[in-house]
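Residues per chain, in single letters:
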Amino acid sequence: MRPFDYHRAETFDDVTSGQIIAGGTNLLDLMKIQVMTPEALVDITRLEGLSAIVPEGDGLRIGALVTNSALAYDPLVRAGWPLLSRAILAGASAQIRNKATTGGNLLQRTRCPYFYDTSQPCNKRTPGAGCAAIGGGGRMLALFGTSDHCLAAHPSDMAVALTALGAEVEIHGANGTRRVPLQDLYVPPADRPDRETILETGDLITAVILPAPKSGSRQGYRKVRDRASYAFALVSVAGAVTMEGGTITDVSLAFGSVAPKPWTIPEVEQMLLGQPASDDLFRRAADLLAPDPAPHPETEYKRALLRRTFVATMRQLTGLADTTGTDIARAEA
Amino acid sequence: MKTYLSVNAKSYAVEHDPRRTLLDTLRDDLGLPGTKKGCDHGQCGACTILLNGERVNACLCLTAMHDGDEITTIEGIGSPELLSELQKAFVEKDGYQCGFCTPGQIMSATALLQEIANGAPSYVSDDLDSAALTDAEIAERMSGNLCRCSAYPLIREAIAMAAEGKE
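Residues numbered from 1 in each chain as written. Chains lettered and ligands numbered in written order. Predicted model: local features only at pLDDT ≥ 70, side-chain atom pairs only at ≥ 80, totals over all residues. Heavy atoms only, no water.

## Focus: the sheet that holds strand β6 (residues 168-173) of chain A
Residue and element names in this part refer to chain A. What the five strands build is an open sheet, ordered β4-β5-β8-β6-β7; its pairing is antiparallel. Two strands bound the open sheet, and with one partner strand each, they are β4 (53-56) and β7 (176-181). Strand-to-strand, the axes of this sheet are offset by a mean angle of 25°, without reference to chain direction. As defined by bridge partners, strand β5 (residues 59-63) adjoins strand β8 (residues 204-210) across four bridges and the pair is classed as antiparallel. Looking at the pairing, G63 lines up with A207 of β8. (Pairing = 2+ DSSP bridges. Helix = DSSP H or I, 4+ residues; strand = E, 2+ residues; numbered from the N terminus. Axes fitted to C-alpha atoms, helices over the stretch in contact; angles between N-to-C directions.)

## Some points on the nonpolar core
Counting residues in each nonpolar core, the largest one holds 44 residues, and the members touching the most others are L22(B) and I71(B). Listed by contribution, the elements that provide at least two residues to this core are α1 (27-32) and α7 (113-116) of chain A together with β1 (2-7), α1 (22-29) and β3 (48-51) of chain B. Sort the elements by how many residues they give to this core and α1(A) lands first, with four residues. In this structure, I71(B) is in contact with L5(B), S6(B), V7(B), N8(B), L22(B), L26(B), I49(B), L50(B) and L51(B), ignoring residues within four places of it in sequence. Membership of the second largest hydrophobic core comes to 40 residues, among which are I62(A), Y73(A), L83(A) and L162(A). (Core = buried A, V, L, I, M, F, W, Y, C linked by side-chain atoms within 4.5 Å. Buried < 20%, exposed > 50% of the residue type's maximum accessible area, 1.4 Å probe, protein only. Contact = heavy atoms within 4.5 Å.)

## Points about the environment of M243(A)
Residue and element names in this part refer to chain A. As for its placement among the helices and strands, M243 is situated in strand β10 (residues 233-244). Owing to a relative accessible area of 25%, M243 belongs among the partly exposed residues under this scheme. The residues contacting M243, other than those within four sequence positions of it, are I248, T249, A277 and T318.

## Examining the interface of chain A and chain B
The interface is formed by 39 residues belonging to chain A together with 40 residues belonging to chain B. Inspection of the chain A/chain B interface yields two salt bridges. Notably, a salt bridge pairs R78(A) with D129(B), separated by 3.8 Å at the nearest N-O pair. Of all the elements in the fold, those that place two or more residues in the side of chain A that touches chain B are β1 (5-8), α1, β3 (40-43), α4 (82-89), α5 (94-99) and β9 (218-225) of chain A. Element by element, the count of residues in the side of chain A that touches chain B is highest for α5(A), at five residues. (Salt bridge = Lys/Arg side-chain N within 4 Å of Asp/Glu carboxyl O.)

## Topic: the pattern of salt bridges
Considering all chains together, one arrives at 24 salt bridges over all chains under this definition. Close ionic contact of E196(A) with K124(A) constitutes a salt bridge, the shortest N to O distance being 2.8 Å. Of this pair, E196(A) sits in the loop between β7 and β8 while K124(A) is found in the loop between α7 and α8 (158-164), placing the two residues 72 residues apart along the sequence. Given the relative accessible area of 18%, E196(A) is considered buried. Take K124(A): its relative accessible area is 11%, and that puts it in the buried class. One network of salt bridges, with partners in common, ties together K32(A), D24(B), K37(B) and D40(B).

## Quick notes on the UniProt feature "domain: FAD-binding PCMH-type" (unreviewed entry) in chain A
In this numbering, the UniProt entry assigns the feature "domain: FAD-binding PCMH-type" (unreviewed entry) to residues 1-215 of chain A. As annotated, residues 1-215 of chain A comprises 23% helix and 18% strand, and the C-alpha atoms at either end are separated by 48 Å. (UniProt positions renumbered as here; feature names shortened; annotations may be inferred.)

## Considering the packing of aromatic side chains
Applying the stated criterion across every chain yields a total of three aromatic pairs over all chains. Here the aromatic rings of F144(A) and W263(A) are separated by 5.7 Å at their centres, their planes lie at 10°, and the arrangement is stacked. Placement of F144(A) in the loop between α7 and α8 and of W263(A) in the loop between β11 (247-256) and α9 (266-272) is noted, with a sequence separation of 119 residues between them. Take F144(A): its relative accessible area is 9%, and that puts it in the buried class. Residue classification places W263(A) among the partly exposed residues on the basis of a relative accessible area of 21%. A centroid spacing of 6.4 Å and a plane angle of 55° characterise the contact between F255(A) and F310(A), whose relative ring orientation is tilted. Highlighted residues: F255(A) in strand β11 and F310(A) in helix α11 (residues 300-317), separated in sequence by 55 residues. Residue F255(A) shares its accessibility class with F310(A), and that shared class is buried. Taking the ring centre of Y123(B) as reference, the NZ or CZ of R225(A) above it sits at 4.8 Å. (Phe/Tyr/Trp six-rings, centres within 6.5 Å; stacked < 30°, edge-to-face > 60°. Lys NZ or Arg CZ within 6 Å of the ring centre and 35° of its normal.)

Shown next, in the form of structure tokens:
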């Protein structure tokens, strides 16, 4: 690590300028390999009021410092938003989940290997340097939302579930506190892929807000990866589906590891809504999931993988497929 | 800078550079080399410790951020004369080959048994409200600890044996 000044913020007013650190599970790794070299670290882990999960209306307010484990294990989350528990438990290791925080998860950096390799050009690391993934290897790269300057994917599992659940992010800044849909936290890479979010200097994510549970919905997070555990997703599908009779009356989906942020495709939901569940319907909807061609030749396989993962998830969420021994749960409350 | 730590129920005041990780503090400043440095990037689990009762990778903790925290290392859960149940089970089942990952495996498994007792589900749990200790559950819950000798089957057996003893 390069030398840095360390400051522990005791109050909000005491959050000085510098790189914010909380769980540190991604940041410290990046500092060790000098991909990130902050001159000042501001430790926010002692700030009060950011470590609790409390009901807010019919929804839930999740403090930014709530750890991944605490969130996945929370009885209210397990009962009302089981998709979130499932997605969190699909990510990282038990050790990492005990340290990693809710706010930090949203702001974690891509795992594009060229971002980690300081001997290679990367526009995310050094704007204007070039992108080694273009013309290089890249089976972990994105399918959607890329630019000519960056093909990197957002690696989170948790954020994909939060997107499908319609979560908002609470941001504390110089002009007070504001809330934005999680989808709007992220900005497209365009020609400045180093700018990843709308956060400005002095902004701090203080909470994630979940809307009321989708009562009676079936929820699931299906993650496809190279190893059975402790591996980033190649593709993932988060879904919450409500059925009446055999008809889909509500559906909410998000797709992971296929874009610079958790990806949504409203046309897919529109095609499914109000329709009787059937394999034919899911196959037609899956055709909307495949940009042609993939932005990188080595992610071509993700097109088919995403379509099939989507169909398999929908079959389980609508009862066409047996869910015994799978990670499908029904939301209560 | 100075940080106060409780390690294995003993109090320490450590003078250190802001860049120091808990792993280096434990090994190099406090003379507790049981916690191992494998990858130093949170991937292998050899540095697993209990931080305020929960398992974490010591290599991904800045010492400066843990003023006042309680840490338990492999040196704190048993001694050669009085092994913990998990330590006994690892010996009984031969749950290692070279032994380098073993302290991390045992610290991780120590937390795992507590998590099961708390009813915490895992990715492979059929039901988010149940936490049965099947072989698949042990494998999933121990995925943050690598064993390059690949003694995994015996590590899982040792953990299952210790869990039975607890019931």
